[in-house]
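# Breakdown of the fold
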Amino acid sequence: MTASFPNVRPRRLRATPAIRRLVAETTVAPRQLVLPMFVRDKVSEPVPIASMPGVVQHTVDSLRAAADEAVRAGVGGVMLFGVPDEADKDPAGTVASEPDGILNRGLAALRADLGDATVIMADTCLDEFTSHGHCGVLTDSGEVDNDATVERYCAMALAQAEAGAHMLGPSGMMDGQIGAIRSALDGAGRADVSLLAYTAKYSSAFYGPFREAVGSSLEGDRRTYQQDAANRREARRELELDLAEGADLVMVKPAMSYLDVLADVAAASPVPVAAYQISGEYAMITAAAQNGWIDRDAAIVESITAIRRAGADVVLTYWATEFAQRFA
Ligand code: PBG
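Residues numbered from 1 in each chain as written. Predicted model: local features only at pLDDT ≥ 70, side-chain atom pairs only at ≥ 80, totals over all residues. Heavy atoms only, no water.

Which entries qualify depends on this criterion: UniProt positions are given in the numbering used here, feature names are shortened, and annotations may be inferred rather than shown by experiment.
As annotated in an unreviewed UniProt entry, the protein chain carries the name Delta-aminolevulinic acid dehydratase and comes from Tsukamurella soli. What UniProt states about the protein chain under its Sequence similarities (unreviewed entry) heading is, verbatim, "Belongs to the ALAD family." If you open the UniProt record of the protein chain and go to Function (unreviewed entry), you find "Catalyzes an early step in the biosynthesis of tetrapyrroles. Binds two molecules of 5-aminolevulinate per subunit, each at a distinct site, and catalyzes their condensation to form porphobilinogen."

### Quick word on the pattern of salt bridges
How we decide: Each salt bridge in this description consists of a side-chain nitrogen of Lys or Arg and a carboxyl oxygen of Asp or Glu lying within 4 Å of one another. We count a stretch as a helix when DSSP gives it H or I for four or more residues in a row; a strand needs E for two or more, and each element gets its number in order from the N terminus. When accessible area is computed with a 1.4 Å probe and restricted to protein chains, residues below 20% of their type maximum are described as buried, those above 50% as exposed, and intermediate ones as partly exposed.
Counted by the stated rule, this structure contains 18 salt bridges. D41 is the salt-bridge partner of R105, the closest N and O atoms lying 2.7 Å from each other. One end of the pair, R105, is in helix α3 (residues 102–114); the other, D41, is in the loop between β1 (33–40) and β2 (47–48), with 64 residues separating them in the sequence. For R105, a relative accessible area of 33% puts it in the partly exposed group.

### With respect to the packing of aromatic side chains
Under the convention used in this document: Here is the rule: rings of Phe, Tyr and Trp (six-membered ring for Trp) pair when centre to centre is within 6.5 Å. Planes less than 30 degrees apart are stacked, more than 60 are edge-to-face, and the remainder are tilted. Throughout this description, the term charge over a ring refers to an Arg CZ or Lys NZ atom that lies within 6 Å of the ring centre and within 35 degrees of the ring normal.
Taken as a whole, this structure holds nine aromatic pairs when the rule is applied. Ring centres 5.9 Å apart and planes at 75° place the aromatic pair Y282 and Y318 in the edge-to-face group. Placement of the pair is Y282 in helix α9 (residues 279–290) and Y318 in the loop between β10 (314–317) and α11 (320–326), with a sequence separation of 36 residues. The two residues Y282 and Y318 agree in class, both being buried. Each member of the aromatic cluster is reached from another via a ring pair, and the members are F38, F81, F210, Y276, Y282, Y318 and W319. One cation-aromatic arrangement involves K201 over Y207; the distance from NZ or CZ to the ring centre is 5.4 Å. In this structure, K253 is placed above the aromatic ring of F210, and the distance from its NZ or CZ to the ring centre is 6.0 Å.

### Quick notes on the packing of helix α7 (residues 233–245) against helix α8 (residues 259–268)
Quick reminder of the rule: As a rule, the C-alpha atoms of each element are fitted with a line to give its axis, helices using only the stretch in contact, and angles between N-to-C directions run from 0 to 180 degrees. Under this scheme an angle from 65 to 115 degrees is roughly perpendicular, one under 35 degrees roughly parallel, and one over 145 degrees roughly antiparallel; angles in between are oblique. Note: crossing handedness is left-handed where the near helix turns anticlockwise from the far helix by less than a right angle, and right-handed where it turns clockwise. Any two residues whose heavy atoms approach within 4.5 Å at even a single point are treated as in contact. Residue type decides the class: Asp, Glu, Lys and Arg count as charged, Ala, Val, Leu, Ile, Met, Phe, Trp, Tyr, Cys and Pro as nonpolar, and the leftover types, Gly among them, as polar.
Put simply, α7 and α8 touch, their axes get as near as 10 Å, and they point 40° apart. Between α7 and α8, the angle falls in the class oblique. Considering the relative orientation of α7 and α8, their crossing is right-handed. On α8, the residues touching A235, R236 and L239 of α7 are V261, D264, V265 and A268. Its residues placed into classes, the contact of α7 with α8 shows five nonpolar, no polar and two charged.

### Brief notes about α3
Spelled out, the test is: Under the convention used throughout, the expected extent of a helix is 1.5 Å for every residue step, that is, one less than its residue count.
Between its terminal C-alpha atoms α3 stretches 18 Å, which fits the 18 Å expected from 13 residues at 1.5 Å a residue. All buried positions along α3 are accounted for by I102, L103, N104, G106, L107, A109, L110 and L114.

### Structural notes on the nonpolar core
Defined as follows: Among buried residues, the Ala, Val, Leu, Ile, Met, Phe, Trp, Tyr and Cys ones that are joined through side-chain atoms within 4.5 Å form a nonpolar core.
Residues F38 and L168 are the most contacted members of the largest nonpolar core, which totals 98 residues. The element that contributes the greatest number of residues to this core is helix α4 (residues 146–163), accounting for seven residues.

### A closer look at the site of the ligand
Going by this rule: The cutoff for a nearby residue is simple: one of its non-hydrogen atoms must lie within 4 Å of the molecule or strand. Here a polar contact is taken to be a pair of N or O atoms separated by no more than 3.5 Å, where protein atoms must pair a possible hydrogen donor with a possible acceptor and residues adjacent in sequence count only if both atoms sit in side chains. Site definitions follow a grid-based scheme: protein atoms alone, a 1 Å grid, a 1.4 Å probe that fits but cannot get out for cavities, and for pockets an open set with protein on both sides within 12 Å along at least five of seven lines, plus lining residues having an atom within 4 Å of a point. Grid points define the cavity or pocket, and a molecule sits in it when more than half of its atoms lie within 2 Å of them.
Surrounding the ligand, one finds 15 residues, the nearest of these being R211, Q226, K253, S279 and Y318. Here a nitrogen atom of the ligand and a side-chain polar atom of D127 are 2.8 Å apart. Between an oxygen atom of the ligand and a side-chain N or O atom of R211, the distance comes to 2.7 Å. Taken atom by atom, the bulk of the ligand overlaps the largest cavity. Residues of the shell around the ligand, tallied by class, amount to seven nonpolar, three polar and five charged.

### Side note on a positive patch on the surface
Applicable threshold: Patch membership is restricted to residues that have no salt bridge and whose relative accessible area is over 30%. Joining uses 9 Å for like charges and 5 Å for the nonpolar side chains Val, Leu, Ile, Met, Phe, Trp and Tyr. For accessible areas, the Shrake-Rupley method is used with a probe of radius 1.4 Å. Any residue's cover is judged against the shown protein chains and nothing else. Working convention for charge: Lys and Arg count positive, Asp and Glu count negative, and His plus the chain ends are omitted. By convention, the charge on Lys lies at NZ, on Arg at CZ, on Asp at CG and on Glu at CD.
A cluster of like positive charges, contributed by R9, R11, R12 and R14, occupies part of the molecular surface. On the secondary structure map, R12 appears in the segment before α1 (17–23).

Right, dumping it as structure tokens:
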């Protein structure tokens, strides 16, 4: 006979905070969190991002201070995005691969300050730097040109490695990008630089606030290169490709609307799995909390715990430092 009520009462293990803590299946440690950060060219003060209250576009100096704070809090890494001056954008995103471009200057400053004390990651994508806002270069007819874009990513990757990034995050969803960047790095004697592949990156309405965060020039959408929200099986295909091309870690993004995909990838992946709690996820919780409609602290803890529970080894979240300081 199987044990059942009234002998079995699951509520006994929920009775006190101490019992709940003892039997909690999922933990979130600061070392598992990565802080995404924005560094903007030609500003003398940090610029607030209206749709992401509490997140700013940093100056190089404020970036250094915030990264230092994150590292002291025990955060596992930082992921840097660059915001160039509008006048420096062009169709090829040229400034992305220039050593004195804002992203590369930010990386160099962080590496000089922090050395190997944390993992310094770079967004390897063109959308912040292109005048049209797409993640790649365009053909004459205005399509995103996969192979020409991958060449630009390789140039960008070499510049980021040179600037001091430990790990690159190619986020543009071009076919073959991981393999091409791996070869370019290896060919330049940079086999030491690792790749965090944006393996299953979905075309998402929840990126909205990020577009403000990076001053994106995009009109239209990214549906010809990012995945369709309807597709689950396709993530397995992208995983196989990224593994074959040499990904060191793989990522699912966004997190909260794609926890099933995350669980699939976590079950199948032989390499560590990351998930990105994106700008819209941050904005929704923040806005609801500001209206008094939701308990901010509890929602932060629950959302990040859920991403870990679904299988993420690493979570990119704009709350990384705060979580490490207040909840870990
Ligand atoms: C594009 C990129 C995006 C994000 C990270 N890299 C946005 C997009 O694909 O439009 C989103 C991050 C976030 O929303 O927090 N290279």
